[in-house]
Amino acid sequence: MKGGIILVQMLRERRRGFLWWSLGIAALAVITAASYPAVKDAGRGFDEFMESLPEGVVQMMGAADGITTPAGYLNSQFYANVFPIVLLIFGIAAGTWSIAGAEREGTLEPLLANPVPRWRVAVERLAGVTLLLAMLTLIASALLVMLRDPFELSELSVGNLAAAGVGVFLLALLFACLAFAVGAATGSKGLAIATGAGLATATYVVFGLSSLVEFFENLRWSSPWYWFLSPSPLTEGWTFQAIGAPLLVLVPVAVIGIAIFHRRDLT
Amino acid sequence: MNHDASLIDVRGLTKRFGTLTAVKDLDLRVGPGEVYGLLGPNGAGKTTTIRALLGFINPTEGSVGLLGGHARDLAIRRRVGYVGGDVTLDRNLRAENLLTWYADLRGGLPWKNIEQLCERLGLDPSRKIGQLSTGNRRKVAIVQAFMHDPDVLVLDEPTAGLDPLLQRDVLDLVRSRRSAGAGVLYSSHTLPEVEDIADRIGILRRGVLVREDTIASLRDVARQRLELRFAHDIPPGLLDGVEGISDVVVDGRVARVVVDGSVAALVDRVAGHQVERIVSHDDDLEDVFFHYYQHDEDGDAT
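Residues numbered from 1 in each chain as written. Chains lettered and ligands numbered in written order. Predicted model: local features only at pLDDT ≥ 70, side-chain atom pairs only at ≥ 80, totals over all residues.

Peer 1: Before we move on, can you summarise the domain arrangement of chain B with the specific residues and values?
Peer 2: Once the domains are mapped, chain B shows domain 1 (3-214) and domain 2 (223-281). Relative placement of domain 1 of chain B and domain 2 of chain B: their C-alpha centres are 38 Å apart. (Domains from an automatic or database assignment.)

Listed below in structure tokens is the structure:
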């Protein structure tokens, strides 16, 4: 059997849905970029307001650099919330569907009656999730790069925008991978979504509260949001903790999930 | 039968889910050119046996042999066709997309073959699977199971939801694979569905194979519930002492009888008495093989 048949089929089936996600995320990127000049003009008021907020709230908003600098603005309005959350919803849904969702809807068994190994179905579908997430990130990042000049964001370098794009992609892929792996290992769609979305939320809270509550500050090393946002790749570029750390977690998680799926009873 | 030649070779299969034993110490063999009817009420373990055979679940004990190997081996799965119990195929795909996708996974098959099968079953492959009726969806499953001329067919109640004409078409397909030397495991919960086609039949109850025999000997002992409607009131005593009849209820022009084995004696007796209709109620396997089930019915009636 030639490789890639399952991946190609997955991409083909998701064409139309993906088009809508692309349009949505493109619109978010354009609106966010286009709003910057207005925010900058209103700048002083905003910064005074932000300074009056507790430090933790500011950090949770991703606004540690203030919200009127290009990096601070994009972090607080895009990279620390809207963008990863949209990617997470897409990634966790697609990751869950790959094995556990297909198993629940009943389409996995007929597929596996064909001469195709289980690990290959899992690997190709995870590759599909990765590819689609990468394309969504790429669309938004490319738009931000193109819109830097018209909307006064040009002090951001292409390299830093690329690093932020890869960072947010890996953040979303990490939780998508968790949902995928838990679903592959257990066949439970509910458990897969709960793990992916639950851990994404929990680690977000840990990161957000880490500058307010000492207890969480001691835990923040474990939050992928902390890896990605502190310091932000928009100002610091390619850092190990934004790029390397998520990979160190997601690769073994995916491998273990696939290994268990390969031999377990289907449900 | 020579065991080495078995296409399907299940030995001592036991499958437990937690505390539930779905299949217990099952032995089952199907040779080339043989159709094996696996009968049993719902929940008897037919689907569990089949899912173990296809490698979807692992046996707790025993082995499930297929074509001299195991379904995990891709070379073996390439030669197997499978129709699952509750057919769910990707609803958003057109039937033709699903069929060509599956054909590609099998290394590519000529579209002409697939098209011929669709035509034979009266399936329009350009429709979306989600928009098809239950019967038509089942046809898609049947086409994908037969399109590569498999050497082993594993069919889990393949004609549930199909009308009798289509049932006949499917049975014809099974017959032509049998003539080509394929072994077929055909599960069903009714005897009439498989009695025209099965060479041997196994009856599964609560995970145990309670009887295995040829269709001819099973027919001798199978029960039939018949309802005879006469044109006039039934003469008293007409149905007394007929060979094979074990229970008679007469109600005006209608007689309800239970016959063990052949109905020949009954038909002889009522000939000339203007029987207008004979209705059979032997769809329920529990009734048909009542006496096999009866002895272990005590205390845990279903």
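Peer 1: Which residues make up the UniProt feature "domain: ABC transporter" (unreviewed entry) in chain B, and what are the values?
Peer 2: Within this numbering scheme, the UniProt entry marks residues 8-231 of chain B as carrying the feature "domain: ABC transporter" (unreviewed entry). Taken end to end, residues 8-231 of chain B has its terminal C-alpha atoms 51 Å apart, with 33% of it in helix and 30% in strand. (UniProt positions renumbered as here; feature names shortened; annotations may be inferred. Helix = DSSP H or I, 4+ residues; strand = E, 2+ residues; numbered from the N terminus.)

Peer 1: I'd love a proper account of the environment of Leu239 of chain B, names of residues and values included.
Peer 2: Mapped onto the elements of the fold, Leu239 of chain B is located in the loop between strand E10 (223-230) and strand E11 (245-251). Taking C-alpha positions, Leu239 of chain B is 35 Å from Gln167 of chain B, a pair spaced 72 residues apart along the chain.

Peer 1: Give a detailed account of the packing of helix H8 (residues 158-186) of chain A against helix H9 (residues 189-209) of chain A, specifying residues and quantitative values.
Peer 2: Residue and element names in this part refer to chain A. Packing of H8 against H9 leaves a shortest axis separation of 8 Å and a crossing angle of 155°. Considering their axes alone, H8 and H9 lie roughly antiparallel with respect to each other. Between H8 and H9 lies a crossing of right-handed hand. Contacts between H8 and H9 involve Phe175, Ala176, Leu178, Ala179, Val182, Gly183 and Thr186 from the first element and Lys189, Leu191, Ala192, Ile193, Thr195, Gly196, Leu199 and Ala200 from the second. Of the residues assigned to the contact of H8 with H9, the class counts are 10 nonpolar, 4 polar and 1 charged. (Axes fitted to C-alpha atoms, helices over the stretch in contact; angles between N-to-C directions. Parallel < 35°, antiparallel > 145°, perpendicular 65-115°, else oblique. Left-handed = near helix turned anticlockwise from the far one by under 90°. Contact = placed C-beta atoms within 7 Å. Nonpolar A, V, L, I, M, F, W, Y, C, P; charged D, E, K, R; others polar.)

Peer 1: Account for the sheet that holds strand E13 (residues 275-280) of chain B, with residues named and values stated.
Peer 2: Residues and elements named next belong to chain B. With antiparallel pairing, the 4 strands of this open sheet are ordered in space as E11-E12-E10-E13. Of all strands in the sheet, those bounded by a partner on one side alone are E11 and E13. Adjacent strand axes in the sheet meet at a mean angle of 20° when their direction is disregarded. Pairing of E10 with E13 involves 5 bridges; the strand directions are antiparallel. Looking at the pairing, Leu228 lines up with Ile278 of E13. (Pairing = 2+ DSSP bridges.)

Peer 1: Quick rundown of the packing of helix H5 (residues 82-105) of chain A against H8 of chain A? Include the residues and the values.
Peer 2: All names here are of chain A. Remark: H5 packs on H8, axes separated minimally by 8 Å, with the N-to-C direction vectors making an angle of 25°. With respect to their mutual orientation, H5 and H8 come out roughly parallel. Two packed elements cross with a definite hand, and for H5 against H8 that hand is right-handed. Judged by residue contacts, Phe83, Pro84, Leu87, Leu88, Gly91, Ile92, Ala94, Gly95, Thr96, Ser98, Ile99 and Ala100 of H5 engage Val168, Leu171, Ala172, Leu173, Phe175, Ala176, Cys177, Ala179, Phe180, Gly183 and Ala184 from H8. Residue composition of the contact of H5 with H8, by class: 18 nonpolar, 5 polar and no charged.

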